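Analysis of the macromolecular model
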Amino acid sequence: MAGIRPGQFVMLKVPSSEVFLRRPFSVYDYRRGLLSVLYKVAGKGTAALAQGRARQRVMVLGPLGNGFTVLAGHEAIVVAGGIGIAGVSLLWSKLRGKKSLFWGCASDAEAGLVNDMISCEPYVSTMDGSLGCKGSVVDLLSQHITALKRPAQVFACGPEPMFVSLRDLLKGERIPCQVLLEERMACGLGICFGCVRKTLDEAEPYKRVCKEGPVFDLWQISL
Amino acid sequence: MNASGTLGYGSEIEPLWTVDTLGAYVSKGLSLLPHHGNPPPRLWEEASALINSVGLQNIGVKRFFEEKFPLFEQRNTPVIVNFFGFTEEDYVRCAEAIGAHSLIVALEINLSCPNIKAGGICLGKEAEAVFRVVRKVKEATPLPLVAKLTPEVTDIVGIARAAFEAGADGINVLNTFPAAAVDIESKALALRGGLSGPFLKPLALRSVADISRSIPIPVIGTGGIMDHRDALSFLMAGAAAVQVGTATFVDPFAIPRIIRGIDAFLDARRIARLDEIIGTARA
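Being a predicted model, the structure only gives us computed values, none of them experimental. (Residues numbered from 1 in each chain as written. Chains lettered and ligands numbered in written order. Predicted model: local features only at pLDDT ≥ 70, side-chain atom pairs only at ≥ 80, totals over all residues.)

This paragraph deals with the overall build of chain A. Of regular secondary structure, chain A possesses five helices and 14 strands. Computed over its C-alpha atoms, the radius of gyration of chain A comes to 17 Å, within 12% of the 17 Å expected for a compact globule of 223 residues. With the C-alpha coordinates aligned to their principal axes, the bounding extent of chain A is approximately 50 × 45 × 35 Å. Each of the 223 residues in chain A was classed as buried or not, and the buried ones make up 42%. (Helix = DSSP H or I, 4+ residues; strand = E, 2+ residues; numbered from the N terminus. Rg over C-alpha atoms; globule rule 2.2 N^0.38 Å. Buried ≥ 20, exposed ≤ 12 C-beta atoms within 10 Å, placed from the backbone.)

As structure tokens, then:
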């Protein structure tokens, strides 16, 4: 797996007979042959994964999908909502040049989970105000965006409402923005056509998140 | 073989194994014109099963032959073209649009389309409608025709017989079962679609055994095959060939693994030809 690009993902076979299909996870980090994923327990698959033992073998399929495209000469603005930090962390660690990280969480408890893994001081917001700025991460970004240098490009991963707010914030200037989408998947390879996302392409609106994505142009997806 | 719609257009699996691994590639269900399919969500996982509501998204016959078929020529891999329509006329026009080619060994007519409200669902449920559409398609194409049946019928042998009497050259049993899932958080029907996966095996096996005993054309066994033991069960029950679907989502190497498993089984018992086991379990 030498050539993992930030934004790509892997399918993990959760070691539990209760979990039928593989599960997709962003590559959180990859160095010296060690691949890390960061996840939040949200359902049966992640709950079973969390109960795995140390050194337990897990089948990994990947790297899969298309990663982020970094534009030359652009200042990078990385925006993450909650566990969406897992999708942009590898990108953040590889970005050279001027960059800023905006991270929004529900509370300081969520932010604290990966506090020590992020080797920078991000702009942080929490919905309950327990850490950093109170409010959403896009509110926080809106307070700083005019001060950031142009040309700029945005990379984002997080929940759907965050993408909608981002679109509203960025549309005036049409700043290039790539978003990493999440969707339930069966195969991860593009063979089942189950994980599609509606785009503005009228000829072929439904694009596979696993194959044409998971990184999409914010201005191409239907929100 | 793969089951239609579970191996994309073939090219997607090539980073893992080449399509000439297959006895034949069964195309994603094609329509005369491109079809967008259903809006997401399209998937719901159950215990050992999957509900899908892809809705037969496909690029249409024309683009399939322009863009996807060259791979099978390059790999010299036989192709079974699965196709569907929303009316009898659609089926006929679609079949007509598929030209003869030495690598196209058969057409496979999807008589279920359980995901789409119009047309498809009715056609496969009534023997008379099956007879009519199969007859018309046979008149429109010189290619061998496999009728892929829906399990949502009261007398599947009767449906198979209607297809046979109309001129079908083979029967594929079976397609997904109509199913639904409820999301208890949103208190909503999360998905209506077709159910597939290993639970289907004994149900499909019963139909294969019954149909292969009653109808004198080859039967393809499809439904819940996860390993070579499942595949061998279908062959012994009377299937001349099998198709593997959902297993590929669980393990993308399922098809090559099953093929190796069948070979090893035959070798260990000094059985020279697969034909020797076909139908041996027909009581």
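What follows continues from the structure just given.
All right, on to the nonpolar core then. Counting 146 residues, the largest nonpolar core has Val 78 of chain A together with Ala 163 of chain B as the members making the most contacts within it. Here Val 78 of chain A is in contact with Val 88, Leu 91, Trp 92, Lys 99, Leu 101, Phe 102 and Phe 155 of chain A, once residues within four sequence places are set aside. (Core = buried A, V, L, I, M, F, W, Y, C linked by C-beta atoms within 7 Å. Contact = placed C-beta atoms within 7 Å.)

Moving on: the packing of helix 6 (residues 201-214) of chain B against helix 7 (residues 228-237) of chain B. Residue and element names in this part refer to chain B. For the pair helix 6 and helix 7, the least separation of the axes is 9 Å and the interaxial angle reads 20°. Between helix 6 and helix 7, the angle is such that the two are roughly parallel. Viewed along their axes, helix 6 and helix 7 form a crossing whose handedness is right-handed. The residues of helix 7 that touch helix 6, namely those facing Lys 201, Leu 205, Val 208 and Ala 209, are Asp 230, Ser 233, Phe 234 and Ala 237. Residues that form the contact of helix 6 with helix 7 fall into these classes: five nonpolar, one polar and two charged. (Axes fitted to C-alpha atoms, helices over the stretch in contact; angles between N-to-C directions. Parallel < 35°, antiparallel > 145°, perpendicular 65-115°, else oblique. Left-handed = near helix turned anticlockwise from the far one by under 90°. Nonpolar A, V, L, I, M, F, W, Y, C, P; charged D, E, K, R; others polar.)

Turning to the interface of chain A and chain B, a few remarks are in order. The interface is formed by 19 residues belonging to chain A together with 25 residues belonging to chain B. If one sorts the elements of the side of chain A that touches chain B by residue count, strand 12 (residues 196-198) of chain A sits on top with three residues. Looking at side-chain class alone, the side of chain A that touches chain B contains 12 nonpolar, two polar and five charged residues.

On to the sheet that holds strand 6 (residues 75-81) of chain A. Residue and element names in this part refer to chain A. Taken together, the seven strands give an open sheet; going across it, the order is 9-8-7-6-10-11-14, and neighbouring strands pair in mixed fashion. Edge positions in the sheet fall to strand 9 (133-134) and strand 14 (215-217), since each has one partner strand and no second. Judged from the six bridges that link them, strand 6 and strand 10 (residues 152-157) form a sheet pairing that is parallel. Bridged to Glu 75 within strand 10 is Ala 152. (Pairing = 2+ DSSP bridges.)

Residue and element names in this part refer to chain B. Within strand 5 (residues 104-110), six of the seven residues are buried, which leaves it mostly tucked inside the rest of the structure. Alignment of strand 4 (residues 79-83) against strand 5, held across five bridges, turns out to be parallel. Bridge pairing links Asn 82 to Glu 108 in strand 5. The β-α-β motif built from strand 4, the intervening helix 2 (residues 88-97) and the parallel element strand 5 has right-handed crossover chirality. Note that strand 5 and strand 6 (residues 145-148) share four bridges and pair parallel. Across the sheet, residue Glu 108 finds its bridge partner in strand 6, namely Val 146. (Right-handed = clockwise from strand over helix to strand, strands pointing away.)

In this chain, Arg 150 of chain A is followed by Pro 151 of chain A through a cis amide linkage whose omega measures -5°. As for its placement among the helices and strands, Pro 151 of chain A is situated in the loop between helix 4 (137-144) and strand 10. Along the chain, Val 173 of chain B connects to Leu 174 of chain B via a cis peptide bond; the corresponding omega equals 5°. Within the fold, Leu 174 of chain B resides in the loop between strand 7 (170-173) and strand 8 (177-183). Even without glycine at this site, Phe 193 of chain A takes up a positive phi of about 60°. With respect to the element layout, Phe 193 of chain A can be found in the loop between strand 11 (177-180) and strand 12. Residue class for Phe 193 of chain A comes out buried when judged on the 28 C-beta atoms lying within 10 Å of it. Despite not being glycine, Ser 48 of chain B has its phi angle at roughly 55°, a positive value. Here Ser 48 of chain B lies in the loop between strand 2 (43-46) and strand 3 (49-52).

This paragraph deals with helix 7 of chain B. All names here are of chain B. Helix 7 sits mainly inside the fold: seven of its 10 residues count as buried. On its buried face, helix 7 is in contact with helix 6, strand 10 (219-222), strand 11 (241-243) and helix 9 (254-268). Trailing helix 7 by a residue or two, Gly 238 shows a phi angle of about 125°, which is positive.

Residues and elements named next belong to chain A. Considered domain by domain, chain A is made up of domain 1 (9-64) and domain 2 (75-217). The interface of domain 1 with domain 2 comprises 16 residues on the first partner and 13 residues on the second. Mapped onto the side of domain 1 that touches domain 2, the elements with two or more residues apiece are strand 1 (9-13), strand 2 (23-26), strand 3 (29-31) and strand 5 (59-64). When grouped by side-chain class, the residues that make up the side of domain 1 that touches domain 2 number 12 nonpolar, one polar and three charged. (Domains from an automatic or database assignment.)

All names here are of chain A. Reading across the sheet, the three strands line up as 2-1-5 and stay open at both edges, with antiparallel pairing between neighbours. Strands with a single pairing partner mark the edges of an open sheet, and in this sheet they are strand 2 and strand 5. Along the sheet, successive strands turn relative to each other by an average axial angle of 30°, direction set aside.

Given 3.6 residues per turn, any residue in an α-helix points the same way as the ones three and four places further on. Residue and element names in this part refer to chain B. Every buried residue of helix 2 is listed here: Tyr 91, Cys 94 and Ala 95. Projected onto a plane normal to the axis of helix 2, the buried residues spread over an arc of 100° and lie on a single side. For helix 2, the secondary structure elements touched by its buried residues are helix 1 (60-74), strand 4, strand 5 and helix 4 (127-140). (Arc of directions from axis to C-beta.)

All names here are of chain B. Interaxial distance between helix 4 and helix 5 (residues 156-165) falls to 8 Å at its minimum, and their mutual angle equals 25°. What the angle tells us is that helix 4 and helix 5 run roughly parallel. Seen from above, helix 4 lies across helix 5 with right-handed handedness. Note on element contacts: helix 5 touches helix 4 through Gly 158, Ile 159, Ala 162, Ala 163 and Glu 165, opposite Ala 127, Val 130, Phe 131 and Val 134. Considering only residue class, the contact of helix 4 with helix 5 consists of seven nonpolar, one polar and one charged.

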